Amino acid sequence: MAGQRPLKPLIGVRIPAPEPEYMNEEDGMVKLRGQELKVFTGNGNPALAREIAETLGITVGNAVVTRFSDGEINVQIMDNVRGMDVFVVQPTSKPVNQNLMELLIMIDALRRASASRITAVLPYYGYGRQDRKAQPRVPITAKLVADLITTTGADRVLTVDLHAGQIQGFFNIPVDNLFAASVLLQYVTGKHFHNLTVVSPDAGGVERARAFAKRLGAALAIIDKRRDKPNEAKVMNIIGDVDGSDCLILDDMVDTAGTLTEGVSALKANGAGTIAAACTHAVLSGPAIERINDSALSEVIVTNTIAMDSKQKECPKLTVLSVAPLLAESIKRIHEESSLSSLFV
């Protein structure tokens, strides 16, 4: 317009960002005001989520998970989560697809509710066994699930004992893969075994079993097996001397317990004494409980990454340990932006 002076461009002018508000905590920690910690859960394992929240000194967030008449899942977050640090505790165990969809829908609802950061806490990562193309024309479902969780809006993943460590590389967001070994070790150390030998149920679990045996000062043995069909295993031989030794079979999960009970029979045939088993994830599908009850196992030590429901009553050999303190400490450290290194065993 005539007579109006042109505006000069603001070259080199620095506009300072507003100073963040801080609050001092009694323990000396300092964190941004408004970055409150919230823990939510679906129907995967609400008991574990409540135990985690109780350990943290908070209550589980209020979320309503309902279903339409055709089975579609509907989630409504009842608490204000704007600008908050949110953790969703949801193992994708049986029913796998239902729990996975609940997790994805909750993450989407929290993202649309303006949560500052969303961490998916999967004590058990379903579809983790399909981590490579072992046969022609098969999917890599562990990667697909990783893509779904990332695309939905999770900023971070916290999980326990992935079936294969390389699954962490399927994500383009930070993944903390905790080990339940510390929980299992604490319990096993208090047991009285005679000349203990830690047994890996297959070649893939040797590294886990070796580390466990080293901490217990125990010997190591390996079960050589061949699997022709899914959930069916045939034991070939035992690598190592188990004659006269008490044995502890160590694995990341027990599903149908076919591999486990075949291994027990092979160990007994080679002169083993008392045989116990320890694993992180008690999937226990199909005939698993019946097989365990009918086997020579003295005890099966598992954790509560998967909800046990009535399984412990059906199988008196089960001893269930809690990973809630481990997960609660991890959540606390992630929230405070402190190191998790000391939690990895």
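The rules behind each value
- Residues numbered from 1 in each chain as written.
- Predicted model: local features only at pLDDT ≥ 70, side-chain atom pairs only at ≥ 80, totals over all residues.
- Heavy atoms only, no water.
- Helix = DSSP H or I, 4+ residues; strand = E, 2+ residues; numbered from the N terminus.
- Buried < 20%, exposed > 50% of the residue type's maximum accessible area, 1.4 Å probe, protein only.
- Contact = heavy atoms within 4.5 Å.
- Polar contact = N/O pair within 3.5 Å; in protein donor to acceptor, adjacent residues only side chain to side chain.
- Phe/Tyr/Trp six-rings, centres within 6.5 Å; stacked < 30°, edge-to-face > 60°.
- Pairing = 2+ DSSP bridges.
- Salt bridge = Lys/Arg side-chain N within 4 Å of Asp/Glu carboxyl O.
- Axes fitted to C-alpha atoms, helices over the stretch in contact; angles between N-to-C directions.
- Parallel < 35°, antiparallel > 145°, perpendicular 65-115°, else oblique.
- Left-handed = near helix turned anticlockwise from the far one by under 90°.
- Nonpolar A, V, L, I, M, F, W, Y, C, P; charged D, E, K, R; others polar.

(A) Focus on the overall build of the chain. Helix and strand content of the chain: nine helices and 16 strands. For the chain, the residues scored as buried account for 47% of the 345 residues in total. Nonlocal contacts in the chain, meaning residues at least 24 apart in sequence, comprise 62% of its contacts between residues at least 6 apart.

(B) Layout of the environment of Val 206. The topology assignment puts Val 206 in helix H5 (residues 206–216). A relative accessible area of 12% places Val 206 in the buried class. With 17 residues separating them along the chain, Val 206 and Ile 223 place their C-alpha atoms 9.6 Å apart. Filtering out sequence-adjacent residues up to four positions away, Val 206 remains in contact with Ser 200, Leu 220 and Ile 222.

(C) Region of the structure containing the side chain of Asn 304. In this structure, Asn 304 sits in the loop between strand S15 (297–303) and helix H8 (311–314). Among the polar contacts made by the side chain of Asn 304, one reaches the main-chain amide nitrogen of Val 323 at a distance of 2.9 Å. Beyond its immediate stretch of four places on either side in the chain, Asn 304 contacts Asn 45, Leu 48, Glu 51, Val 320, Leu 321, Ser 322, Val 323 and Ala 324.

(D) Structural context of the packing of aromatic side chains. In this structure the tally under the stated criterion is one aromatic pair. Look at Tyr 125 and Phe 171: their rings are 6.1 Å apart centre to centre, the planes differ by 65°, and that puts the pair in the edge-to-face class. Taken together, the residues Tyr 125 in the loop between strand S7 (117–122) and helix H3 (141–152) and Phe 171 in the loop between strand S8 (156–160) and strand S9 (175–178) connect sequence positions 46 residues apart. For Phe 171, a relative accessible area of 7% gives the class buried.

(E) Examining unusual backbone geometry more closely. Following Lys 94, the chain continues to Pro 95 via a peptide bond in cis, the omega torsion being -5°. With respect to the helices and strands, Pro 95 occurs in the loop between strand S6 (85–89) and helix H2 (96–112). Unusually for a residue other than glycine, Tyr 127 sits at a positive phi of about 70°. Relative to the helices and strands, Tyr 127 is located in the loop between S7 and H3. Here Arg 137, not a glycine, exhibits a phi torsion of approximately 60°, which is positive. Position of Arg 137 among the secondary structure elements: in the loop between S7 and H3. According to the relative accessible area criterion, Arg 137 is exposed, its value standing at 77%.

(F) Structural context of the pairing of S7. Among the six residues of S7, six are classified as buried, and the element is accordingly described as predominantly covered. In S7, alternate side chains face the same way, and those of Arg 117, Thr 119 and Val 121 on one face and Ile 118, Ala 120 and Leu 122 on the other are all buried. Pairing analysis gives five bridges linking S6 to S7, with the strands arranged parallel. By the bridge assignment, Val 86 is partnered in S7 with Ile 118.

(G) Main features of helix H4 (residues 181–189). Where H4 is concerned, the buried positions are Ala 181, Val 183, Leu 184, Leu 185 and Val 188. On its buried side, H4 packs onto H5, strand S13 (247–254), strand S14 (275–282), S15 and strand S16 (318–321).

(H) Spotlight on the pattern of salt bridges. Counted according to the given criterion, the structure contains 14 salt bridges. We note a salt bridge from Glu 329 to Arg 333, for which the minimum N-O separation is 2.8 Å. With Glu 329 and Arg 333 both in helix H9 (residues 324–335) and four residues apart, the pair spans about one turn of that helix. Overall, Glu 329 belongs to the partly exposed group, its relative accessible area being 27%. Residue Arg 333 is classed as buried on the basis of its relative accessible area of 18%. Residue Lys 332 pairs with Glu 336 through a salt bridge whose shortest N-O separation is 3.4 Å. Bridged by salt links that share partners, the residues Asp 85, Arg 117 and Glu 337 form one connected network.

(I) Representation of the side chain of Ser 93. Mapping Ser 93 onto the fold places it in the loop between S6 and H2. Residue Ser 93 is classed as buried on the basis of its relative accessible area of 3%. Setting aside residues up to four positions removed in sequence, Ser 93 forms contacts with Asn 99, Tyr 124 and Ile 306.

(J) Just the packing of H4 against H5, in detail. Taken N-terminus to C-terminus, the directions of H4 and H5 make an angle of 40°; their axes are 11 Å apart at the nearest point. Comparing their axes, H5 and H4 come out oblique. Between H4 and H5 lies a crossing whose hand is right-handed. When H4 is examined against H5, the residues Ala 181, Leu 184, Leu 185, Val 188 and Thr 189 are found in contact with a partner set consisting of Phe 212, Arg 215 and Leu 216. Among the residues forming the contact of H4 with H5, the class breakdown is six nonpolar, one polar and one charged.

(K) Structural view of the sheet that holds S6. What the five strands build is an open sheet, ordered S3-S6-S7-S8-S9; its pairing is parallel. Looking along the sheet, the strands with just one partner apiece sit at the ends: strand S3 (37–41) and S9. Each neighbouring strand pair of the sheet contributes to a mean axis angle of 20°, computed without reference to strand direction. Where S3 meets S6, five bridges bridge the pair, whose relative direction is parallel. Pairing of Leu 37 across the sheet is with Asp 85, part of S6. Along the sheet face, H2 touches S3, S6 and S7 and points at about 165° away from the line of S7.

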